[in-house]
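Working through the structure, step by step
Each chain, written out:
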Amino acid sequence: GGIITQTPKFLIGQEGQKLTLKCQQNFNHDTMYWYRQDSGKGLRLIYYSITENDLQKGDLSEGYDASREKKSSFSLTVTSAQKNEMAVFLCASSIWDRYSGNTLYFGEGSRLIVV
Amino acid sequence: AQSVTQPDARVTVSEGASLQLRCKYSYSGTPYLFWYVQYPRQGLQLLLKYYSGDPVVQGVNGFEAEFIKSNSSFHLRKASVHWSDSAVYFCAVSDTEGADRLTFGKGTQLIIQP
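Source: prediction; values computed, not measured.

What counts and what doesn't
Residues numbered from 1 in each chain as written. Chains lettered and ligands numbered in written order. Predicted model: local features only at pLDDT ≥ 70, side-chain atom pairs only at ≥ 80, totals over all residues. Heavy atoms only, no water. Helix = DSSP H or I, 4+ residues; strand = E, 2+ residues; numbered from the N terminus. Rg over C-alpha atoms; globule rule 2.2 N^0.38 Å. Buried < 20%, exposed > 50% of the residue type's maximum accessible area, 1.4 Å probe, protein only. Contact = heavy atoms within 4.5 Å. Lys, Arg positive; Asp, Glu negative; His and termini not counted. Charge placed at Lys NZ, Arg CZ, Asp CG, Glu CD. Disulfide = S-S within 2.5 Å. Pairing = 2+ DSSP bridges. Salt bridge = Lys/Arg side-chain N within 4 Å of Asp/Glu carboxyl O. Buried area = accessible area lost by both parts, 1.4 Å probe. Nonpolar A, V, L, I, M, F, W, Y, C, P; charged D, E, K, R; others polar. Polar contact = N/O pair within 3.5 Å; in protein donor to acceptor, adjacent residues only side chain to side chain.

**Quick notes on the overall build of chain A**
On a plain count of helices and strands, chain A comes out with 0 helices and 11 strands. At 14 Å, chain A has a C-alpha radius of gyration in line with the 13 Å of a compact globule built from 115 residues. Viewed in the frame of its principal axes, chain A has a C-alpha envelope of about 45 × 30 × 25 Å. Looking at the 115 residues of chain A, the share that counts as buried comes to 50%. Across chain A, every contact between residues at least 6 apart in sequence was considered, and the portion connecting residues at least 24 apart equals 53%. For chain A, the distance from the average site of its 13 positive side-chain charges to the average site of its 12 negative ones is 4 Å.

**Notes on the state of the cysteines**
Each disulfide is one covalent bond, formed between the sulfur atoms of two cysteines. This model, assessed by the stated rule, comprises 2 disulfides over all chains. What pairs with Cys23(A) in a disulfide is Cys91(A), and their sulfur atoms sit 1.9 Å apart. The S-S bond linking Cys23(A) to Cys91(A) shows a torsion near -80°; that makes this disulfide left-handed. Taken together, the positions of Cys23(A) in strand S3 (residues 19-25) and Cys91(A) in strand S9 (residues 88-97) put the pair 68 residues apart, joining distant regions of the chain. Pair check on accessibility: Cys23(A) and Cys91(A) agree, each one buried. Put simply, Cys23(B) and Cys91(B) are joined by a disulfide, and their sulfur atoms are 1.9 Å apart. The chirality of the disulfide connecting Cys23(B) with Cys91(B) is left-handed, given an S-S dihedral of about -65°. Separated by 68 residues along the polypeptide, Cys23(B) in the loop between strand S3 (19-21) and strand S4 (24-26) and Cys91(B) in strand S10 (residues 87-94) bring together distant segments of the chain. Here Cys23(B) matches Cys91(B) in class, with each residue buried.

**Brief notes about the pairing of strand S6 (residues 44-50) of chain B**
Residues and elements named next belong to chain B. Note: strand S5 (residues 32-38) against S6, 6 bridges, orientation antiparallel. Bridge pairing links glutamine 38 to leucine 44 in S6. Between S5 and S6, which pair antiparallel and follow one another directly, the connecting turn spans 5 residues, one of which, arginine 41, has a positive phi of 60°.

**Describing the pattern of salt bridges**
All names here are of chain A. Counted according to the given criterion, the structure contains 8 salt bridges over all chains. Residue lysine 71 is joined to aspartate 30 by a salt bridge in which the shortest nitrogen-to-oxygen separation is 3.2 Å. One end of the pair, lysine 71, is in the loop between strand S7 (64-70) and strand S8 (73-78); the other, aspartate 30, is in the loop between S3 and strand S4 (31-38), with 41 residues separating them in the sequence. What makes lysine 71 partly exposed here is its relative accessible area of 27%.

**Focus on the interface of chain B and chain A**
At the junction of the two partners, chain B supplies 20 residues and chain A supplies 27 residues. In this assembly, chain B packs against chain A so that about 1800 Å² is buried in total across both faces, 52% of it on carbon and sulfur atoms. Run the count over chain B and chain A and you get 0 salt bridges. Secondary-structure elements contributing two or more residues to the side of chain B that touches chain A are S5 and S6 of chain B. Partitioning the side of chain B that touches chain A into residue classes produces 10 nonpolar, 5 polar and 5 charged.

**Considering the side chain of Gln6(B)**
Residue and element names in this part refer to chain B. Tracing the backbone shows glutamine 6 in the loop between strand S1 (3-5) and strand S2 (10-14). Separated by 2.9 Å, the side chain of glutamine 6 and the backbone oxygen of tyrosine 89 make a polar contact. A distance of 3.4 Å separates polar atoms of two side chains, one belonging to glutamine 6 and the other to threonine 108. Residue contacts for glutamine 6: discarding those within four places in its chain leaves Arg22, Trp35, Tyr89, Phe90, Cys91, Gly105, Lys106, Gly107 and Thr108.

Okay, here's the thing in structure tokens:
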């Protein structure tokens, strides 16, 4: 089996600071995702990437940048951290087949704290 | 665009009792449907998934879900819950055109009472 590793587990920064979250997967999956999880709001898609150097905006991409320089890694940057952005950020990768669609595998999450 | 509604933000069940967590989706065709579970301080894990065939699909740890097309529903069930089932459960849908995006519901927190 494979694993998704997110670093750091906790990211503490100041308002206005640029902050970056990293994600590595060893499944050899093509597609990777960044979701934001807020209590009571479920998961909202920020960015995804279907292959190396590809980027696709999700529903919540404003205020974020992403980078997929290698197939195995996908990073997310908060361009100017705000206190209302404190949330858990989940990275995932996926494999698709026509019989069961896209099955996502998630990391354990990174919690963003803005002071 | 597809959407998912989980009408219950929180469900409380006694240990040993049966469980149903509700999920309704909006999609014009036959979608791919998923249930994921999130234990405290962990990421989401796949419980089960459905696309075609028998509308009742079995998952891990005794969970099952039934696809009812006429009702646009994909409710999750378990015959007898255990305290370790306490978690947040997410229903998700994706379309059938090889799309890469899953749409998640807001989740239902399951609380098991002793």
